[in-house]
Amino acid sequence: MEDSTPSPISHQLSTIWDALASVPDPEIPVVSITDMGMVRDVTVGDAGRVTVTFTPTFSGCPALHVIRDSIEQAVRDLGVTDVEVRSTLTPPWTTDWIGDDARERLRQYGIAPPAPTGEGQLIQLDAEPTRCPRCGSLNVRMTASFGPTLCKRMYVCDACKEPFEGFKSV
Amino acid sequence: MTTTPTELTDTQTQALLLKLTVLADDEIILAHRNGEWTGHAPILEEDIALANIAQDELGHAGLYLSLAQTLGGSDPDRVAFWRGPDDYLNTRLVELPKGDWAFTMVRQFLYDTSEALWLEAATRSTYAPLAEIAAKAVREEKFHVQHTALWVERLALGTPESERRTQAALTELWPHAAQLFQPVEGEAELTASGILPDLNAVHARWSDLVTRHLVDRCGLTLPDAPATQPGRDTHTEHLAPLLEEMQRVARQHPDAEVW
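Residues numbered from 1 in each chain as written. Chains lettered and ligands numbered in written order. Predicted model: local features only at pLDDT ≥ 70, side-chain atom pairs only at ≥ 80, totals over all residues. Heavy atoms only, no water.

Observations concerning the UniProt feature "domain: MIP18 family-like" (unreviewed entry) in chain A
To keep it simple, the criterion reads: UniProt positions are given in the numbering used here, feature names are shortened, and annotations may be inferred rather than shown by experiment. Runs of H or I in DSSP of at least four residues are treated as helices and runs of E of at least two as strands, each being numbered from the N terminus.
The UniProt record marks residues 15-85 of chain A with the feature "domain: MIP18 family-like" (unreviewed entry), using the residue numbering of this structure. Helix makes up 27% of residues 15-85 of chain A and strand 20%. Its end C-alpha atoms lie 17 Å apart.

So, in structure tokens, the structure goes:
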């Protein structure tokens, strides 16, 4: 439903979102922070102040300050001088916000995308089913329930014998 | 949820500040103990896992202390690095030396299950900022519980040696675990207002959960626990050296912008 004459504000908003879509996730550069669903809100105030609200993936993520700086820089690069970057915990980040396109790029990169979270029990000892990102087999074994970053775990595929990383469903 | 924002009285604010501090202190001290395994864990994957878990716990401490700061508390870095053993209010459970692998896993299991159940209850807090933190942290904590529950089972049902060590760890740790459920001063009023979870209810759920896992599933024996425990201001001789190491860099470089 495109307006034939978009208002300056809405035009500016889409430009800002486009700029944020080019900010890579510092730890998984094949996806952007908008692909990951980390950018929750962008507003442009009356005086031209741009406020970007983002949510952390994991509370202990060491890349948070990098992401915050990258967001601010991406908006400044558009010529905006007044930028505020806020963080929010609500609603808490979930891997369900990762889009289909980004999931496919994760898979091609060799990371098994996260399964839907569903309404899992709090205390469950079995992990969600995971498919090998290379050959598609479900015949995989988790070799470590934590991985090189907080959001991933380690697997090996018993069909094609490749080790791979898989996203946790959060 | 459409609850109106909870206005805290001065008494409630002080009690909540204290509660957030003791929660953060447990996370910080346990994270440091887990960090001591970095480079020394039995296998590389576990080295990484324990570092991940420690990182999550520090993240939770950061959330608690940031909220405390909005209630009048000090800067989180100052709270973590500039208080001595007389001011830390962590449980003795988390300050005991890391011991062997069984000791570390049993302690982490006892702690993770208590934290997960407390957080799950705290998601229903009438104080929205706390409910938000709990909703965030509980999602991370469930991975810890999965991991440590599996390790305790593996060790308890493994070899005679691993079983002996796991039972020895449980025997030493169990009397300290009840301290996790000691209320802070003023906590009863916060519970009555729905700001904090009912600690007795969480304790009962925890006892049921860990008994089912440790006794029914893993065949371990729960020792007797003393009826009363000294408070969180009473520490073992192990806390002071831990803090000395943990705080050394921050105190040597008080003007550093990033540690």
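Some thoughts on the pattern of salt bridges
In a structure, side chains of opposite charge can pair up when their charged atoms sit close to one another. Heads up, the rule is: Should a side-chain nitrogen of Lys or Arg be within 4 Å of a carboxyl oxygen of Asp or Glu, the pair is scored as a salt bridge. Buried means the residue's accessible area, taken with a 1.4 Å probe over protein chains only, is under 20% of the maximum for its type, while exposed means over 50%, and partly exposed covers the values in between.
By the definition in use, this model includes 21 salt bridges over all chains. For Glu104(A), the salt bridge identified is with Arg107(A), shortest N-O distance 2.8 Å. Taken together, the positions of Glu104(A) and Arg107(A), both in helix 3 (residues 100-109) and three residues apart, correspond to about one turn of that helix. Relative accessible area serves as the criterion here: at 33%, Arg107(A) is assigned to the partly exposed category. When the shortest N-O distance is used, the salt bridge between Asp208(B) and Arg212(B) registers 3.4 Å. Of this pair, Asp208(B) and Arg212(B) both sit in helix 9 (residues 199-217), separated by four residues, roughly a single helical turn. It is possible to trace a salt-bridge network through shared partners that takes in Arg49(A), Asp82(A), Glu84(A) and Arg86(A).

Some details on the interface of chain B and chain A
Going by this rule: Only heavy atoms matter for contacts: two residues are in contact if any of them lie within 4.5 Å across the pair. The buried area of a pairing is the accessible area, by a 1.4 Å probe, that goes missing from both parts when the two are put together, added over both. Side-chain atoms alone can form a polar contact between residues adjacent in sequence; in general such a contact is a pair of N or O atoms within 3.5 Å, and within protein one must be able to donate a hydrogen while the other accepts it. Gly falls in the polar group here, along with every residue not listed as nonpolar (Ala, Val, Leu, Ile, Met, Phe, Trp, Tyr, Cys, Pro) or charged (Asp, Glu, Lys, Arg).
Between chain B and chain A, the residue contacts involve 29 residues of the former and 28 residues of the latter. Across the chain B to chain A interface the summed buried area is about 2,500 Å²; carbon plus sulfur atoms make up 63%. Linking chain B with chain A are zero salt bridges, by the criterion used here. Counting every contact that joins chain B to chain A gives nine residue pairs in polar contact (both at pLDDT 80 or more). Those elements that provide at least two residues to the side of chain B that touches chain A are helix 2 (44-70), helix 5 (101-122), helix 6 (128-156) and helix 9 of chain B. Element by element, the count of residues in the side of chain B that touches chain A is highest for helix 6 of chain B, at 14 residues. Counted by class, the side of chain B that touches chain A contains 13 nonpolar, seven polar and nine charged residues.

Some remarks on the confidence of the model for chain A
Definition in use: Note: pLDDT gives the predictor's confidence per residue, expressed from 0 to 100.
For chain A, the average pLDDT comes to 87, and 87% of its residues sit at 70 or higher. Mean pLDDT in chain A bottoms out at helix 1 (residues 8-20) of chain A, which sits at 84, and peaks at strand 2 (residues 50-54) of chain A, which reaches 96.

Let's talk about the side chain of Glu115(B)
All names here are of chain B. Let me state the cut-off plainly: His is not counted here, nor are the chain ends, while Lys and Arg score as positive and Asp and Glu score as negative.
Here glutamate 115 shows up in helix 5. The side chain of glutamate 115 is buried and forms no salt bridge, while arginine 232, the nearest opposite charge, is found at 11 Å. Within polar-contact distance, the side chain of glutamate 115 engages the side chain of histidine 60 at 3.0 Å. If we ignore the near neighbours within four places in the chain, the residues touching glutamate 115 are Glu27, Glu57, His60, Tyr64 and Glu141.

Remarks on the sheet that holds strand 6 (residues 152-157) of chain A
Applicable threshold: Any two strands between which DSSP finds at least two bridges are classified as paired.
Read from one edge to the other, the open sheet built from four strands follows the order 4-7-6-5 (chain A), with strand pairing classed as mixed. If you trace the sheet from one side to the other, it starts and ends with strand 4 (111-112) and strand 5 (140-144) of chain A, each paired once.

Concerning unusual backbone geometry
Residues and elements named next belong to chain A. In this model, threonine 90 is joined to proline 91 through a cis peptide bond whose omega is -10°. Even without glycine at this site, lysine 161 takes up a positive phi of about 70°. Examined against the element boundaries, lysine 161 turns out to sit in the loop between strand 6 and strand 7 (163-167). Taking the relative accessible area as the measure of exposure, lysine 161 reaches 60% and is therefore exposed.

A short note on the packing of aromatic side chains
Residues and elements named next belong to chain B. Our working rule: Each Phe, Tyr or Trp ring (for Trp, its six-membered ring) is paired with any other whose centre lies within 6.5 Å, and the angle between the two planes then decides the class: stacked below 30 degrees, edge-to-face above 60, tilted in between. Note on criteria: charge over ring means Lys NZ or Arg CZ within 6 Å of the ring centre, with the direction from the centre no more than 35 degrees off the ring normal.
Scanning the entire structure with this criterion turns up five aromatic pairs over all chains. Measuring from ring centre to ring centre gives 5.0 Å for phenylalanine 181 and tryptophan 206, while their planes differ by 50°; the resulting arrangement is tilted. Of this pair, phenylalanine 181 sits in the loop between helix 7 (160-177) and helix 8 (187-192) while tryptophan 206 sits in helix 9; the two residues are 25 residues apart in sequence, bridging distant segments of the chain. You'll find phenylalanine 181 and tryptophan 206 in the same group, each marked buried. Positioned above the aromatic ring of tyrosine 88 is the side chain of arginine 83, whose terminal nitrogen or guanidinium carbon lies 4.2 Å from the ring centre.

Structural notes on the sheet that holds strand 3 (residues 83-87) of chain A
Residue and element names in this part refer to chain A. Heads up, the rule is: Interaxial angle, 0 to 180 degrees, is taken between N-to-C directions of lines fitted to C-alpha atoms, where a helix line uses only the stretch in contact.
If you walk across this open sheet you meet the three strands as 1-2-3, and the pairing is mixed. The two strands at the open ends of the sheet, each matched to only one other strand, are strand 1 (39-44) and strand 3. This sheet shows a mean twist of 15° between the axes of neighbouring strands, independent of strand direction. Relative to strand 2, strand 1 runs antiparallel, the two sharing five bridges. Directly across from threonine 43, in strand 2, lies its bridge partner threonine 51.

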